[in-house]
Amino acid sequence: MCGITGFIRLPNARSMGSPENLADILHRMNSSLVHRGPDDEGAFVKDPVWMAMRRLKIIDLEGGRQPIFNEDGSVAVVYNGEIYNYIELRRELTVQGHQFKTNSDTEVLVHLYEQYGLDFPGRLRGMFAFAIWDDRKQNLIIGRDPAGIKPLHWGVFQGWLLFSSEIKAFYACPAFEAAIDAEAVDDHLTLMYIPTPTTIYKGLSKLEEGSVRIFGADGSVRLRRYWQCLPPPASDFRLQTSDFRLLLDRLEEKISESVRISLRSDVPLAVFLSSGLDSATVAYFAKRHKPDLKTYTVSFPAGSYNEGKEAGIIAECLGTDHTDIPMEYPKNLPDFAAEVLACFDEPFGDTSALPTYLLCREARRHCTVCLSGDGGDELFGGYPTFQATDWFRMYRRLPRFLRAGFFPWLASKLPTSLERVSWDYKFKRFTGQAAEFDDYRAIHFTWRGAFGWGERRAVYEGDFWNGLSQRPAFATVMGRFAEAPDSSFLDRLFYVDRTTYLMDEFLVKTDRMSMAHSLEVRPPFLDPALIAAALLVPAQYKIRGFQTKWILRRLMKGRLPEKILRLPKKGFSPPLAIWLKDQVFQDFIQDAMNAQALRSLGIIRPGLAAGLLKDHCDGRADNSRKLWVLLSLALFADRHNKRIV
């Protein structure tokens, strides 16, 4: 695991100084990523390219220094991630005549590129982002793994192509122009994340998942998609009942194999364990292949937020060496929230970053690599929101006076609970958003958001709102539905969540929180071979009536405790709604919202946060999501202003 960064001079680039100045810029960009790789650093400089990396040693601890070259030095690579099938690839490439100088997974990249050209990433199983310099062709190739697990940002500014694992590296480059994108702010406050390929800054992009971009020193730019695993058309499913056992056997084989190769490491390794089926499944198969398995979880004292008891039951059943990390109310919640949010270089809305940060910090004291259950919900239909969108298609047939009048009125009369995803919260969310939209595609993005699309006018300052008022609902993400037009209704939802919510919220959270503590987290469910196998499972085997992840529960029946198999989806959220009752934390939010850094941007109407806090504390609404995204935006504004001054 590493962080990578660099730049290439394009034609007509504005001067950034002498060769010594350029080397210093590269060094400062690379130093900003030290948390991603505290063990080593390396750089490659050969005009017109400058690239560097920070290394966290996982495989071939002594011999895997980067950059790594091919036999004649004409191809160089810096890379972030892990290639799990590097042993098999190395064996294949050796037979084809390639000569290896190290035992690292990194070296297979340069030889695969030589052998297969731009299609080589399709042969990789793992999580990665890389930059390859081809000196003969004078091309820089940057690429990202199929599921978008590892981050890579790029942009062309003043004639320089810049790239980096994290946005913070760009601040060290004088060519970078940090202009805030209004639509990205809009996405943050509604979706709670900023979708690929956009970022908070104009002209700066996230590299698309499963793709490479080729930048020529002559100024040419090409995008090449090497992997886009779409769900099959609905007409392709002809599975008979007699084939179900075969389907289960195939699924077990793929999960077991994915977990097995994910366990490859030359440093201590463990599994993150919650009360959920996904992490329990990963732990079950990991225990098969690694008898001395360690597991970790975080538990809260607040009842509905606590998963420690169930995680302990799973660990005892599997016989793992388990550690439960109790998360008490932080002694200084404002400082803790600011510390966590500072790990993100753009506004970020997922509150589960808070416990994930603590979990990664504690786990890093004992190991360097952890496996997670990320991706299981999107592959096997684990979210109640899939069912909510399905129910909406029937609900919208009701007379409009019921949808837009009676049911929202009834929801407003319900008392507000601060328990995690309480019944009243779900009813209010459903009726409120269903009154606003008739399109199930738009409604699907509202379930897990913060501000509703129709609330935005009351959120923004006048001039800022004028620039957004004609924006189509969820414009940045709606196009994902069009990528799988012939698939079944549920398969389209699974695909959209995998390429938006999972990639741009969950995986971003896991990457930044783990890398803040120099911890590598691997999600076996997102192995391309397992994704492809899961897509062949008909949707009716994933969600049946009120039962989510039906086929995964069937697979794990008799292997995990029955109580765990029956548990509903919980998520991994802290009791933020309860914490917001604390006066010190309320004052912190108010101060952040009133600070000059945010007010100078002219985005948020004055007094908005105060009103939301009052309604929250008076029990009229659970405004924890709205207040958190506002706080995240305000703290980002403060960091942004300090960096550009």
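Summarised in this report is the structure supplied together with it. These numbers were taken from a predicted model, which means no experiment stands behind them. (Residues numbered from 1 in each chain as written. Predicted model: local features only at pLDDT ≥ 70, side-chain atom pairs only at ≥ 80, totals over all residues. Heavy atoms only, no water.)

### A short note on the overall build of the protein
If you tally the helices and strands in the protein, you get 25 helices and 17 strands. Burial status across the protein gives 62% buried among its 645 residues. Sequence separation of at least 24 residues holds for 72% of the intrachain contacts in the protein that already meet a minimum separation of 6. A total of about 23,800 Å² of accessible surface is found on the protein, and carbon and sulfur atoms cover 52% of it. (Helix = DSSP H or I, 4+ residues; strand = E, 2+ residues; numbered from the N terminus. Buried < 20%, exposed > 50% of the residue type's maximum accessible area, 1.4 Å probe, protein only. Contact = heavy atoms within 4.5 Å. Areas by Shrake-Rupley, 256 points an atom, 1.4 Å probe, with all protein chains shown as cover.)

### Observations regarding the sheet that holds strand β11 (residues 211–216)
Spatial ordering of the open sheet is given by β4-β5-β6-β7-β11-β12, a layout of 6 strands whose pairing is antiparallel. The open sheet has two edge strands with one neighbour each: β4 (68–69) and β12 (221–225). Bridge count between strand β6 (residues 126–134) and strand β7 (residues 139–144): 6 bridges; the pairing is antiparallel. Looking across to β7, one finds that Asp134 is bridged to Asn139. (Pairing = 2+ DSSP bridges.)

### Quick word on a nonpolar patch on the surface
There is a patch of nonpolar side chains on the surface, built from Trp391, Met394 and Phe546 and spanning about 390 Å² of accessible area. Residue placement: Met394 occurs in helix α11 (residues 384–395). (Patch = residues over 30% accessible without salt bridge, like charges linked within 9 Å, V, L, I, M, F, W, Y side chains within 5 Å. Salt bridge = Lys/Arg side-chain N within 4 Å of Asp/Glu carboxyl O.)

### Remarks on the packing of aromatic side chains
The tally for this structure, following the rule as stated, stands at 32 aromatic pairs. Plain terms: the ring middles of Phe7 and Trp50 are 5.3 Å apart, the flat faces sit at 25° to each other, and that makes the pair stacked. One end of the pair, Phe7, is in strand β1 (residues 2–9); the other, Trp50, is in strand β3 (residues 49–55), and 43 residues separate them in sequence. Joined through ring pairs, the aromatic side chains of Phe157, Phe170, Tyr171, Phe176, Tyr201 and Phe636 make up one cluster. Across the ring face of Tyr116, the terminal group of Arg123 is positioned such that the distance to the ring centre comes to 4.1 Å. Lys509 extends its terminal NZ or CZ atom over the ring of Phe506, reaching a point 4.4 Å from the ring centre. (Phe/Tyr/Trp six-rings, centres within 6.5 Å; stacked < 30°, edge-to-face > 60°. Lys NZ or Arg CZ within 6 Å of the ring centre and 35° of its normal.)

### Looking at the packing of helix α5 (residues 244–262) against helix α6 (residues 277–289)
Any two packed helices are characterised by how steeply their axes cross, that is the angle between the axes, and by the distance between the axes. For the pair α5 and α6, the least separation of the axes is 9 Å and the interaxial angle reads 70°. Taken together, the axis directions place α5 and α6 in an arrangement best described as roughly perpendicular. Here α5 and α6 pass one another in a crossing that is right-handed. Contact with α5, carried on its side by Glu252, Ile255, Ser256, Val259 and Arg260, involves Thr281, Val282, Phe285, Ala286, Arg288 and His289 of α6 and no other residues of that element. Of the residues contributing to the contact of α5 with α6, the split by class is 5 nonpolar, 3 polar and 3 charged. (Axes fitted to C-alpha atoms, helices over the stretch in contact; angles between N-to-C directions. Parallel < 35°, antiparallel > 145°, perpendicular 65-115°, else oblique. Left-handed = near helix turned anticlockwise from the far one by under 90°. Nonpolar A, V, L, I, M, F, W, Y, C, P; charged D, E, K, R; others polar.)

### Topic: the pattern of salt bridges
In total, this model carries 44 salt bridges according to the counting rule given. Close ionic contact of Asp72 with Arg136 constitutes a salt bridge, the shortest N to O distance being 2.3 Å. Of this pair, Asp72 sits in the loop between β4 and β5 (75–83) while Arg136 sits in the loop between β6 and β7, and the two are 64 residues apart along the sequence. On the basis of relative accessible area, Asp72 is assigned to the partly exposed category, the value being 47%. With a relative accessible area of 61%, Arg136 lands in the exposed category. Among the salt bridges present, the one from Arg123 reaches Glu92, with a minimum N-O distance of 2.9 Å. Of this pair, Arg123 sits in the loop between α3 (107–116) and β6 while Glu92 sits in helix α2 (residues 86–95), placing them 31 residues apart in sequence.

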